[in-house]
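Structural overview for review
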Amino acid sequence: MPSELPSVTLPSGTAVPSLGLGTWHMGEDRRRFADEVAALKLGLDLGMTLVDTAEMYASGGAEEVVREAIAGRRDEVFLVSKVLPSNASRTGTVRACEASLKRLGTEHIDLYLLHWRGSYRLAETVEAFEALRAEGKIGHWGVSNFDVPDMAELAGVPRGGNVQANQVLYNLDARGIDFDLQPALGKAAVPIMAYSPVGQGDLARHAGLAAIGKRIGATAAQVALAWTLRHPHVIAIPKAVRPEHVRDNRAAADLTLSQDDLAEIDRLFPPPRRRVPLEMI
Ligand SMILES: NC(=O)c1ccc[n+]([C@@H]2O[C@H](COP(=O)([O-])OP(=O)(O)OC[C@H]3O[C@@H](n4cnc5c(N)ncnc54)[C@H](OP(=O)(O)O)[C@@H]3O)[C@@H](O)[C@H]2O)c1
């Protein structure tokens, strides 16, 4: 029986598991629906009870996969979804959230994120988030793909300080945020949700990571995940449909990398020496 997952505490004081379940590309093909639901259910059974989805994924199809997976166990789950920037006006955000709630078959989303910055003023989106929160339709709100200047701008918006997380690309192949955004969010105690933590599968096939893994009894993917989880303010949200991947990912939370392992990883994937604008996919 694996130990309980470590948790990350949001600024609100709510604790969430440091390892969650991604859902991008789920819901795109009806023939894979049952396998995708089963993968999410397995992840929940193993304690990965944070589920990350978005209205964008399969145009709502991923939220429908999530609906099926969480049916009858909504209370176990910390549910994250996202509004598209093109919907993120004062009224559009509320409409988009209500549509997501319907697809998800729930009365509230635990954490609702602005997927990336668009043309609507941040103040407008934040006002909508706060209204949704007051109505109980969302528990918390946050952002995604926000770089250091975006976070600074958000801090200047009325109630912008209520941000609970920033979901960004963070993995060994994309570690530019280690220069500034990552430590800045750590200092501000705003959790990072690391997306594509397995490099969309590429890091699972990396020979150098596989060699480190072999030495410590882990897979390359587990080494990559354990690396993102080395910070107490990082939540990783790998997406996996294959059950062996789901189990592998869960076990990565029990892996601690030594200083020697981390130094070897830095040789393979050198840390940034100067500011790198936030990458996104
Ligand atoms: N906010 C944003 O803009 C944004 C952008 C991208 C992603 N995201 C979120 O972050 C989640 C994760 O990112 P991602 O889906 O791009 O990439 P990822 O989680 O890094 O990689 C997913 C791929 O890796 C494979 N995989 C997972 N665990 C593995 C393991 N233990 N061993 C070998 N292969 C493994 C999966 O295979 P199988 O599925 O076949 O098991 C899948 O092909 C997304 O699903 C989404 O929820 C957010």
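Below is a short write-up of the structure. (Residues numbered from 1 in each chain as written. Predicted model: local features only at pLDDT ≥ 70, side-chain atom pairs only at ≥ 80, totals over all residues.)

**Some words on helix α2 (residues 61–70)**
Buried residues dominate α2, accounting for eight of its 10 residues. For α2, the set of buried residues is G61, A62, E63, E64, V65, V66, A69 and I70. Its buried side turned inward, α2 meets α1 (33–45), β4 (50–52), β5 (78–83) and α3 (90–104). Looking one or two residues past α2, G72 carries a phi angle of roughly 80°, positive in sign. (Buried ≥ 20, exposed ≤ 12 C-beta atoms within 10 Å, placed from the backbone. Helix = DSSP H or I, 4+ residues; strand = E, 2+ residues; numbered from the N terminus. Contact = placed C-beta atoms within 7 Å.)

**Examining the site of the ligand**
For the ligand, the set of nearby residues contains 28 residues, the closest of which are G22, W24, Y195, A204 and K239. Counting residues per element, the shell around the ligand draws most heavily on helix α9 (residues 243–252), which supplies three residues. Among the residues making up the shell around the ligand, the classes are represented as 12 nonpolar, 12 polar and four charged. (Near = placed C-beta within 6 Å. Nonpolar A, V, L, I, M, F, W, Y, C, P; charged D, E, K, R; others polar.)

**With respect to the environment of L154**
Along the chain, L154 turns up in helix α5 (residues 148–155). The residues contacting L154, other than those within four sequence positions of it, are L122, V143, F146, G160 and V163.

**Focus on the environment of L229**
Topologically, L229 is positioned in the loop between α8 (220–228) and β10 (234–236). The spatial distance from the C-alpha of L229 to the C-alpha of L19 is 8.2 Å, given a sequence separation of 210 residues. When neighbours within four sequence positions are excluded, L229 is seen to be in contact with S18, L19, V234, A236 and A253.

**Comments concerning the packing of helix α7 (residues 207–216) against helix α10 (residues 259–268)**
Angle between the axes and distance between the axes: these two values describe a pair of packed helices. Across the interface, α7 lies against α10 with an axial gap of 10 Å and an inter-helix angle of 170°. Relative to α10, the element α7 is oriented roughly antiparallel. Contacts between α7 and α10 pair G208, I212 and I216 from the former with D261, E264, I265 and L268 from the latter. The residue makeup of the contact of α7 with α10, split by class, is four nonpolar, one polar and two charged. (Axes fitted to C-alpha atoms, helices over the stretch in contact; angles between N-to-C directions. Parallel < 35°, antiparallel > 145°, perpendicular 65-115°, else oblique.)

**Regarding unusual backbone geometry**
The backbone phi angle of A58 is positive, close to 50°, even though this residue is not glycine. Within the secondary structure layout, A58 lies in the loop between β4 and α2. By the C-beta count within 10 Å, which is 19 here, A58 ends up partly exposed. One non-glycine residue, S59, adopts positive backbone phi at about 50°.

**Re the sheet that holds strand β8 (residues 166–169)**
Spatial ordering of the open sheet is given by β3-β4-β5-β6-β7-β8-β9-β10, a layout of eight strands whose pairing is parallel. Each of the sheet's edge strands pairs with one partner strand only, and the pair in question is β3 (20–21) and β10. Where strand β7 (residues 138–144) and β8 come together, two bridges link them in parallel fashion. Of the residues in β8, the one forming a bridge with V143 is N166. Here helix α4 (residues 122–134) sits on the sheet and contacts β6 (109–114) and β7; the angle it forms with β7, its principal contact strand, is near 160°. (Pairing = 2+ DSSP bridges.)

**Quick look at the pairing of β8**
Bridge count for β8 against strand β9 (residues 192–195) is four bridges, and the pairing is parallel. From the neighbouring strand, V168 faces β9, where its bridge partner is A194. You can see the chain leave β8, run along helix α6 (residues 181–188) and come back into β9, and the turn it takes is right-handed. (Right-handed = clockwise from strand over helix to strand, strands pointing away.)

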